[in-house]
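# Summary of structural features
Take a look at the letters that make up each chain.
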Amino acid sequence: MQFIDSIKNLFGPPARVAEPGVKVAPPGEYVIRPLTKRHLREVTLLNAECFPNGDSYTRHTLDFLLSQPTTLSYRIVTEDNDTVGFAFVMVNETGTAHLTTIGISPKHRRRGLAKRLLVHVENALRARSINTLVLEVRVKNTAAQELYRQKGFYVVQRLNKYYTDGEDCFLMMKAIY
Ligand SMILES: CC(C)(COP(=O)(O)OP(=O)(O)OC[C@H]1O[C@@H](n2cnc3c(N)ncnc32)[C@H](O)[C@@H]1OP(=O)(O)O)[C@@H](O)C(=O)NCCC(=O)NCCS
């Protein structure tokens, strides 16, 4: 979302990357919980860890998103309650939804956690009768594109120089029904 992209660094420098030390849990031991302002510090650090290339949101932007009644936000946690993944979705006035950001801690990747978060998001949207989910992804982010394709998203447009460093993005969409 260009609006979010344009404000994400307005309020300060990106957060420092979290120190390693979160325990890796067996795949069955993760659960999805609501993400609220109480988790702002940990999600800011995790966001920076997931987006070391400068795409991370500042604490202030995440705080802003968590203040909006139109934001749905979830975290995925280990049995020790360590947050190792997050997803933010904004519901637009038009009744469509936008996946603003999603990330999984590097130590916990390839365990199906992002897929689980996306299923959870889709169920939450379906329950609200929202039937379209859109997102932008860097053209070079083939890992995320593969995730989205697996979950039924398709590319509807390539947006030139979408990111501040000049990289294009794919606008992807999924119908939820
Ligand atoms: C993209 C990201 C969220 C995937 O999280 P994840 O929990 O590892 O993803 P999953 O385990 O649910 O993987 C689902 C599918 O996505 C694809 N995928 C995920 N990581 C991949 C990789 N590194 N290379 C190729 N395909 C990949 C695979 O098809 C995978 O299915 P498989 O494991 O059965 O082959 C994670 O890599 C991440 O946080 N990346 C940095 C942040 C980011 O780029 N977010 C998206 C911004 S648009």
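Computed from a prediction, not measured in an experiment: that's the story for all the values here. (Residues numbered from 1 in each chain as written. Predicted model: local features only at pLDDT ≥ 70, side-chain atom pairs only at ≥ 80, totals over all residues. Heavy atoms only, no water.)

## Here we look at the pattern of salt bridges
Going through the model one piece at a time under the given rule, you end up with seven salt bridges. D55 is the salt-bridge partner of R138, the closest N and O atoms lying 2.6 Å from each other. Taken together, the residues R138 in strand β5 (residues 132-138) and D55 in the loop between α2 (40-50) and α3 (59-67) connect sequence positions 83 residues apart. Accessibility expressed as a relative area gives 9% for R138, which makes it buried. Residue E122 pairs with K174 through a salt bridge whose shortest N-O separation is 2.9 Å. Remark: K174 occurs in strand β7 (residues 169-175) and E122 occurs in helix α4 (residues 113-127); sequence separation between them is 52 residues. Comparing E122 with K174, the two get one shared label, buried. Look at the salt bridges and you will find they share partners, linking D55, R138, D165 and E167 into a network. (Salt bridge = Lys/Arg side-chain N within 4 Å of Asp/Glu carboxyl O. Helix = DSSP H or I, 4+ residues; strand = E, 2+ residues; numbered from the N terminus. Buried < 20%, exposed > 50% of the residue type's maximum accessible area, 1.4 Å probe, protein only.)

## A word on the environment of H39
By the element assignment, H39 lies in the loop between β1 (31-34) and α2. Taking the relative accessible area as the measure of exposure, H39 reaches 6% and is therefore buried. Each C-alpha atom, one on H39 and one on R75, is 9.0 Å from the other, the two residues being 36 residues apart in sequence. Side chain to side chain, H39 and R75 meet in a polar contact 3.4 Å long. (Polar contact = N/O pair within 3.5 Å; in protein donor to acceptor, adjacent residues only side chain to side chain.)

## Some thoughts on the packing of α4 against helix α5 (residues 142-150)
Relative to each other, α4 and α5 sit at 45°, their axes nearing to 10 Å. Compared by their axis directions, α4 and α5 come out oblique. For the element pair α4 and α5, the recorded crossing hand is right-handed. Between α4, through A114, K115 and L118, and α5, the contact on the second element is made entirely by L147, Y148 and Q150. Within the contact of α4 with α5, the residues separate by chemical class into four nonpolar, one polar and one charged. (Axes fitted to C-alpha atoms, helices over the stretch in contact; angles between N-to-C directions. Parallel < 35°, antiparallel > 145°, perpendicular 65-115°, else oblique. Left-handed = near helix turned anticlockwise from the far one by under 90°. Contact = heavy atoms within 4.5 Å. Nonpolar A, V, L, I, M, F, W, Y, C, P; charged D, E, K, R; others polar.)

## Focus: α4
Across its 15 residues, α4 extends 21 Å between first and last C-alpha, which sits within 8% of the 21 Å expected from 1.5 Å per residue. Every buried residue of α4 is accounted for by L113, A114, L117, L118, V121, E122, A124 and L125. Following α4 by one or two positions, S129 has its phi on the positive side, about 60°. (Expected span 1.5 Å × (residues − 1).)

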